[in-house]
Amino acid sequence: AQSVSQHNHHVILSEAASLELGCNYSYGGTVNLFWYVQYPGQHLQLLLKYFSGDPLVKGIKGFEAEFIKSKFSFNLRKPSVQWSDTAEYFCAVNINQAGTALIFGKGTTLSVSS
Amino acid sequence: EAGVAQSPRYKIIEKRQSVAFWCNPISGHATLYWYQQILGQGPKLLIQFQNNGVVDDSQLPKDRFSAERLKGVDSTLKIQPAKLEDSAVYLCASSLAMDRAYEQYFGPGTRLTVT
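Now for a look at the structure at hand. Here the residue numbers are simple positions, counted from 1 along each chain's written sequence. Written order determines the labels here, with chains lettered from A and ligands numbered from 1. Only residues with pLDDT of at least 70 get local features here, since the model is predicted, and only at 80 or more are side-chain atom pairs given and counted; chain-wide, interface and lining totals rely on the full set of residues. The basis for the side-chain values is all heavy atoms of the structure; hydrogens and waters are excluded.

All right, on to the overall build of chain A then. Here a helix means four or more residues in a row that DSSP labels H or I, a strand means two or more in a row labelled E, and each is numbered from the N terminus. What chain A contains, in helices and strands, is zero helices and 12 strands. Reading the helices (α) and strands (β) of chain A from amino to carboxyl end gives β-β-β-β-β-β-β-β-β-β-β-β. For a compact globule of 114 residues, the expected C-alpha radius of gyration is about 13 Å, and chain A comes in at 14 Å, within 12% of that figure. With respect to the principal axes defined by its C-alpha atoms, chain A has extents near 40 × 30 × 20 Å. Residue contacts follow a heavy-atom distance rule, with two residues in contact if any of their heavy atoms lie within 4.5 Å. The contacts of chain A with a sequence gap of at least 6 include a subset with a gap of at least 24, amounting to 54%. Accessible areas in this description were obtained via Shrake-Rupley with a 1.4 Å probe; residue shielding takes into account the shown protein chains only. For chain A, the accessible area works out to roughly 5500 Å², and carbon and sulfur atoms hold 51% of it. Only four residue types enter the tally: Lys and Arg on the positive side, Asp and Glu on the negative side; His and the chain ends are excluded. Where a charge sits is defined by one atom per residue type, namely NZ (Lys), CZ (Arg), CG (Asp) or CD (Glu). Between the centroid of the 8 positive side chains of chain A and the centroid of its 7 negative side chains there is a distance of 6 Å. In this treatment the radius of gyration is a C-alpha quantity, and the globule benchmark scales as 2.2 Å times the residue count to the 0.38 power.

Here is the structure:
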């Protein structure tokens, strides 16, 4: 069965520190990849997505992610975090066929101290 | 554009009681999803509808969970009887069509506590 692994359960950073959250998936075929964010008390919202083309994708709020096919990875990065980035981050995969839903990782809680 | 609406936002029940959740997707969205998010985990798909038909309910515990989308718009998810392990946030999401599953919009969720 397809699965998504997020390596870090809880990450604590100071403002201006760089962020990298790991995500690996298990599926040999073509996938669409996503990072979702859930700020405290808010809905899940899409941060960025990768379908094809340039493996380095840029999302909202200065986030970017790099798809490395050989490593089945889609790590999320931000060069300088802000206090407002405190949230839970979910990596998700959608198998590139019509009708398949999202498969989520367990999530990483990011706490940024000012 | 109005988002996905869910109610209630919070619900506390005792085990063996029944509960129902309601979801109103974004207007025009044919595909509707119910996810269960247990504390400390990512959302897990329970059931997926295309209009009023079920596309995938392979992870729905059918002995106690049921869901319907009778007119292809609103949907209800029911648990009867509830167990302690059903405590979770129940998320509803919708997308324009099945082949737009990559573009899902999530509601605020219903937080269920079973005591």
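Attention shifts here to the interface of chain A and chain B. Facing the 19 residues of chain A at the interface are 20 residues of chain B. When two parts are brought into contact, each loses some accessible area as probed by a 1.4 Å sphere; the total of that loss over both is the buried area. With both sides pooled, the region where chain A packs onto chain B buries about 1500 Å², and carbon together with sulfur makes up 61% of that total. Any N or O atom pair separated by 3.5 Å or less is treated as a polar contact, with the protein-specific requirement of one donor-capable and one acceptor-capable atom, and with residues adjacent in sequence counted only for side-chain atom pairs. Applying the counting rule to chain A against chain B returns three residue pairs in polar contact (both at pLDDT 80 or more). Those elements giving two or more residues to the side of chain A that touches chain B turn out to be strand 5 (31-38), strand 6 (44-50) and strand 10 (87-95) of chain A. Of all the elements, strand 5 of chain A adds the most residues to the side of chain A that touches chain B, at four residues. When the residues that make up the side of chain A that touches chain B are grouped by side-chain class, the tally is nine nonpolar, eight polar and two charged. Residue polarity follows a fixed list, in which Ala, Val, Leu, Ile, Met, Phe, Trp, Tyr, Cys and Pro are nonpolar, Asp, Glu, Lys and Arg are charged, and the others, Gly among them, are polar.

Let us now look at the nonpolar core. As used in this record, nonpolar core signifies buried Ala, Val, Leu, Ile, Met, Phe, Trp, Tyr and Cys residues forming a set joined through side-chain atoms within 4.5 Å. Any residue under 20% of the maximum accessible area for its type is buried, any over 50% is exposed, and the rest in between are partly exposed; the area is computed with a 1.4 Å probe on protein chains only. A:Leu19, A:Leu33, A:Trp35, A:Leu48, A:Phe74, A:Leu76 and A:Tyr89 are the most contacted members of the largest nonpolar core, which has 28 residues in total. Once residues within four sequence positions are removed from consideration, A:Leu19 is found in contact with A:Val11, A:Leu13, A:Phe63, A:Leu76, A:Arg77, A:Lys78, A:Val81 and A:Leu110.

Residue and element names in this part refer to chain B. Here we have four strands laid out as an open sheet, ordered 1-3-8-7, and antiparallel in their pairing. Two strands bound the open sheet, and with one partner strand each, they are strand 1 (5-7) and strand 7 (65-68). Going from strand to strand, the sheet's axes swing by 15° on average, the running direction of each strand aside. We treat two strands as partners when DSSP finds at least two bridges between them. A fitted line through C-alpha atoms represents every axis, and for helices the fit uses only the stretch in contact; the resulting angles, taken between N-to-C directions, go from 0 to 180 degrees.

All names here are of chain A. Of the two faces of strand 4 (residues 23-26), the one lined by Cys 23 and Tyr 25 is fully buried and the one lined by Asn 24 and Ser 26 carries no buried residue. As paired strands, strand 1 (residues 3-6) and strand 4 are joined by four bridges and run antiparallel to one another. Of the residues in strand 4, the one forming a bridge with Val 4 is Tyr 25.

Aromatic contacts are taken between Phe, Tyr and Trp rings whose centres are within 6.5 Å, Trp giving its six-membered ring; a plane angle under 30 degrees counts as stacked, one over 60 as edge-to-face, and the others as tilted. In the structure shown here, the tally under the stated rule is 16 aromatic pairs over all chains. When the centroid spacing of 5.6 Å and the interplanar angle of 55° are considered together, the rings of A:Tyr36 and A:Phe104 count as tilted. In this pair, A:Tyr36 is assigned in strand 5 and A:Phe104 in strand 11 (residues 103-104), connecting sequence segments 68 residues apart. Summarising the burial analysis for this pair, A:Tyr36 and A:Phe104 share the class buried. Grouping aromatic residues by their ring pairs yields a cluster made of A:Phe34, A:Tyr36, A:Phe51, A:Phe90, A:Phe104, B:Tyr33, B:Tyr35 and B:Phe106.

Glancing now at the pattern of salt bridges. Between side chains of opposite charge, a pair can form when the charged atoms approach closely. Here, a salt bridge means any side-chain nitrogen of Lys or Arg that lies within 4 Å of a carboxyl oxygen of Asp or Glu. If you walk through the whole model with that rule in mind, you get six salt bridges over all chains. Within this structure, A:Lys58, A:Glu64, A:Glu66 and A:Arg77 form a network of salt bridges that share partners.

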